[in-house]
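Letter by letter, the chains look like this.
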2 protein chains.
Amino acid sequence: MTTANPLKIGFCCPTIDAQPWADALAHKLPSAQMHIWPGSTESLDYALTWSPTQEFFDAQPRLKAVFALGAGMDSLLKLRLPESLPLVRIEDGGMASQMQDYVTHALLRHVYRFDRYEQDTRTGLWQQYAESLPEHYPVGILGLGELGSKIAERVRDLGFPVCGWSRSPKVLQGIRCYSGDELPKFLASCRVLVCALPLTAQTQNILNEKNLSLLQSSAYLINVARGAHLVEEDLLKLLASGHIAGAYLDVLRTEPAPVDHPFRSHPSITLTPHIAAQTLMQPSIAQISEKIRMLEKGQAISGVVQRERGY
Amino acid sequence: MTTANPLKIGFCCPTIDAQPWADALAHKLPSAQMHIWPGSTESLDYALTWSPTQEFFDAQPRLKAVFALGAGMDSLLKLRLPESLPLVRIEDGGMASQMQDYVTHALLRHVYRFDRYEQDTRTGLWQQYAESLPEHYPVGILGLGELGSKIAERVRDLGFPVCGWSRSPKVLQGIRCYSGDELPKFLASCRVLVCALPLTAQTQNILNEKNLSLLQSSAYLINVARGAHLVEEDLLKLLASGHIAGAYLDVLRTEPAPVDHPFRSHPSITLTPHIAAQTLMQPSIAQISEKIRMLEKGQAISGVVQRERGY
């Protein structure tokens, strides 16, 4: 099925295989044409992006909207793009529940010492340690956006004492919410800190020695946001001093992490390769195709980024 | 504070340090006398036990009730005890939520491949695997007693498809409940099997080659019950054939596990040293002291074991 002027939709996803995504979108929008960059010089109506390049956008004069295939908008926002071009994020698309599960696993693993028990039993031991329960571990969620608030609710439902911090004030049931300049007070109340912030000029390097030192002693850090939130050498310093007991990190400043990155072999750091919230193809493509249909009818869509705040 | 005929309460807990438990109970029942076995020949009113011995009971003619400091009654039931002597289990006492958390951790770890990612990142890789989500892993809970039903509810709330099997029919919201001779049908519907059964003559060796072969292929086994439920060599056989992908086990037939036990070094088996549900001193002692008070007033108490069914 084709029309006189078919929609032209481009994929600028240099680090992943875009073909399955293009096939899935073609299935939802059968009259549209799909173009995978590089390899096409068509002038496009819409673009779907994953770690996009400036070069792609420089050759596109008439884009109507750009869809990011992930929750974080930082890789798009660092490019030079027309001010009027709407940048659209994935809204959930299965990411919140994955991130809830990621944090649940990391948190229970630390609190109940499963990592230690697993290692012990491999090395010939069979030893039980003193009880260590969720109620002993106040957890703080840094960032209470779409993902952070869902993480906070899950952690609350697991029986942990929970608080949260966000730029502007929020209200979440059963969760003490701090905001703005209450950051030091918030940090001082946490034994576990979960970073779920968007990456902006204000939040870059927020996990630094000064802030992390405010956490309760023997604190634990979980980062599911962006590598650039964390000053990596500051974490190493605080692990060496013992103020921080360990960290479970899904993101690093450079990804893939260099083979000799010191975090890879650090006994108190656990890494995963940026998998805490994989963009699920089916719900994401369904969402994007529906938004393209609405835009074509001149209707407003949700999920458009406010560039001045950075998310 | 003493009375003319103080209650005499004994502790037969040869494998743990009973003193803190005796101190905690003395705090709740200040007029009672605490006696730790061996070392006392007093004739006792009540006994608190953990892996008790026949010798202890042979010297006790007038016990009014025996309290087990754990959920499993198998170590008491294998002894020769007067038929009329009430054997009392701990009712929850914080164990259900620990076991929910234990199964949650083991389940998420397997489904999201956190074990593999952690290992990958240590060995220099930074690779993402295809999506693997709770909805792809139907979980079956073997045993829907006090602990099993709580586990089933948690797994359901995490978004897994869940079913359960128990000796007698049960009803749990959102959980398909099988019973009695429907065991094969139940097993065929599971990709993950969680054993939460009491250990009885009927359930011993229930995790054998015949039953485990009925699970969906690439199944995963979690055992939080008793080591004697599992025929260990059958698990090794099914891991070798690939029918079972892995196992997370808190219990073994012999505990502590021998240093050269093959499970300790098996790449697809993860062990923890019987810590899935530690008996918490404060809630357990509060519960036992209240039950002793009720028995002294001639009131009926809950949690008395039905010996003919074995739990």
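Note that this is a predicted model, so its numbers are computed, not measured. Residue positions are counted from 1 within each chain, in the order its sequence is given. Chain letters and ligand numbers both follow the written order, the letters beginning at A and the numbers at 1. Local features in this predicted model are restricted to residues whose pLDDT is 70 or higher, and side-chain atom pairs enter the listing and the counts only when it is 80 or higher, whereas totals over whole chains, interfaces and linings include all residues. Just so you know, side-chain values use all the structure's heavy atoms and leave hydrogens and water out.

Here we come to the packing of helix H4 (residues 95–111) of chain A against helix H6 (residues 146–157) of chain A. Residues and elements named next belong to chain A. Packing of H4 against H6 leaves a shortest axis separation of 9 Å and a crossing angle of 45 degrees. With respect to H6, the element H4 is oriented oblique. At the point where H4 passes H6, the crossing takes the right-handed sense. Packed against H4, whose contacting residues are Met95, Ala96, Met99, Gln100, Asp101, Val103, Thr104 and Leu107, the element H6 presents Leu147, Lys150, Ile151, Arg154 and Val155 at the interface. Residue composition of the contact of H4 with H6, by class: eight nonpolar, two polar and three charged. Note on method: axes are straight lines fitted to C-alpha atoms, helices fitted across the in-contact stretch only, with angles between N-to-C directions ranging 0 to 180 degrees. Only DSSP runs of H or I with at least four residues qualify as helices, and only runs of E with at least two residues qualify as strands; both kinds are numbered from the N terminus onward. Reported orientations rely on four angle classes, namely roughly parallel under 35 degrees, roughly antiparallel over 145, roughly perpendicular from 65 to 115, and oblique for the rest. Note: crossing handedness is left-handed where the near helix turns anticlockwise from the far helix by less than a right angle, and right-handed where it turns clockwise. Any pair of residues with heavy atoms lying within 4.5 Å of one another is described as a contacting pair. Three classes are used: nonpolar for Ala, Val, Leu, Ile, Met, Phe, Trp, Tyr, Cys and Pro, charged for Asp, Glu, Lys and Arg, and polar for all others, with Gly counted as polar.

Another aspect to go through is the relation of the copies chain B and chain A. The copies are overlaid by a least-squares fit using only the C-alpha atoms of residues whose pLDDT is at least 70 in both copies. Superposition of chain B onto chain A requires a rotation of 180 degrees combined with a translation of 0.0 Å along the rotation axis, giving an RMSD of 0.1 Å. The two molecules are tied by a two-fold rotation axis, judged by turn and shift. Looking at the rotation axis and the C-alpha trace of chain B, the residue lying nearest is His105(B), at 2.6 Å.

Before going further, it helps to spend a moment on helix H5 (residues 114–122) of chain A. Residue exposure (1.4 Å probe, protein chains only): buried if accessible area is under 20% of the type maximum, exposed if over 50%, otherwise partly exposed. Along H5(A), the positions that sit buried rather than exposed are Phe114(A), Tyr117(A), Glu118(A), Asp120(A) and Thr121(A). Relative to the axis of H5(A), the buried residues are bounded by an arc of 160 degrees and lie together on one face. Where H5(A) is buried, its residues meet H4 of chain A together with helix H4 (95–111), strand E11 (244–249), helix H10 (262–265) and strand E12 (269–271) of chain B. One or two positions beyond H5(A), positive phi appears at Gly124(A), with a value near 100 degrees. Each C-beta atom gives one direction from the helix axis, and the arc is the one those directions make.

Confidence of the predictor at the level of single residues is captured by pLDDT, which takes values from 0 to 100. On average, chain A scores 94 in pLDDT, and the residues at 70 or more come to 99%. In the model output, the complex is listed with pTM 0.89 alongside ipTM 0.88.

What follows is about the environment of Ser97(A). Residue position: Ser97(A) is located in helix H4. For the pair formed by Ser97(A) and Lys150(A), sequence separation is 53 residues and the distance between their alpha carbons is 7.9 Å.

With that settled, consider the sheet that holds strand E7 (residues 162–166) of chain B. Should DSSP find at least two bridges between two strands, the strands are regarded as paired. One open sheet accounts for seven strands, arranged E8-E7-E6-E9-E10-E11-E12 (chain B); its pairing is parallel. Both outer strands of the open sheet, strand E8 (176–179) and E12 of chain B, are each paired with one neighbouring strand and no more. Ignoring strand direction, the axes of neighbouring strands in this sheet form an average angle of 15 degrees. Sheet topology note: the strand E10 (residues 219–223) of chain B/E11(B) ladder contains five bridges and is parallel. When the bridges of E11(B) are listed, Tyr220(B) appears paired with Gly246(B). Where H5(A) meets the sheet, its contacts fall on E11 and E12 of chain B, and the angle it forms with E12(B) comes to roughly 105 degrees.

So, on to the domain arrangement of chain A. Residue and element names in this part refer to chain A. Residue ranges assigned to the domains are those given by an automatic or database domain assignment. Each domain of chain A was delimited in the assignment, giving domain 1 (8–93 + 279–296) and domain 2 (95–271). Spacing between the C-alpha centres of domain 1 and domain 2 amounts to 32 Å. In this assembly, eleven residues from domain 1 lie in contact with seven residues from domain 2. Summed over both partners, the interface of domain 1 with domain 2 buries about 730 Å², with 47% contributed by carbon and sulfur atoms. A quick way to say it: buried area is the sum, across both parts, of accessible area lost when two parts are put together, with a 1.4 Å probe. Looking at the side of domain 1 facing domain 2, the largest losses of area belong to Ala71, Asp74 and Asp92, adding up to 61% of the total buried there. A salt bridge links aspartate 74 to arginine 226, with the shortest nitrogen-to-oxygen separation between them at 2.9 Å. Salt bridge, as applied in this entry: a Lys or Arg side-chain nitrogen positioned within 4 Å of an Asp or Glu carboxyl oxygen.

Now for the pattern of salt bridges. It is possible for side chains bearing opposite charge to pair when their charged atoms get close. Across all of its chains, the model carries 27 salt bridges over all chains by this definition. Within this structure, Asp45(A), Arg62(A), Lys64(A) and Glu296(A) form a network of salt bridges that share partners.

Note that the residue after Trp37(A), namely Pro38(A), is joined by a cis bond; omega there is -5 degrees. Within the secondary structure, Pro38(A) is located in the loop between strand E2 (33–36) and strand E3 (46–49). The linkage connecting Glu255(B) with the following residue, Pro256(B), adopts the cis geometry, with an omega of -5 degrees. In this fold, Pro256(B) is placed in the loop between E11 and H10. Of note in this structure, Ser218(A) is not a glycine but carries a positive phi near 60 degrees. Assignment of secondary structure puts Ser218(A) in the loop between helix H8 (209–212) and strand E10 (219–223). Given a relative accessible area of 34%, Ser218(A) falls into the partly exposed group. Residues other than glycine seldom take positive phi values, yet His274(A) does so here, at roughly 55 degrees.

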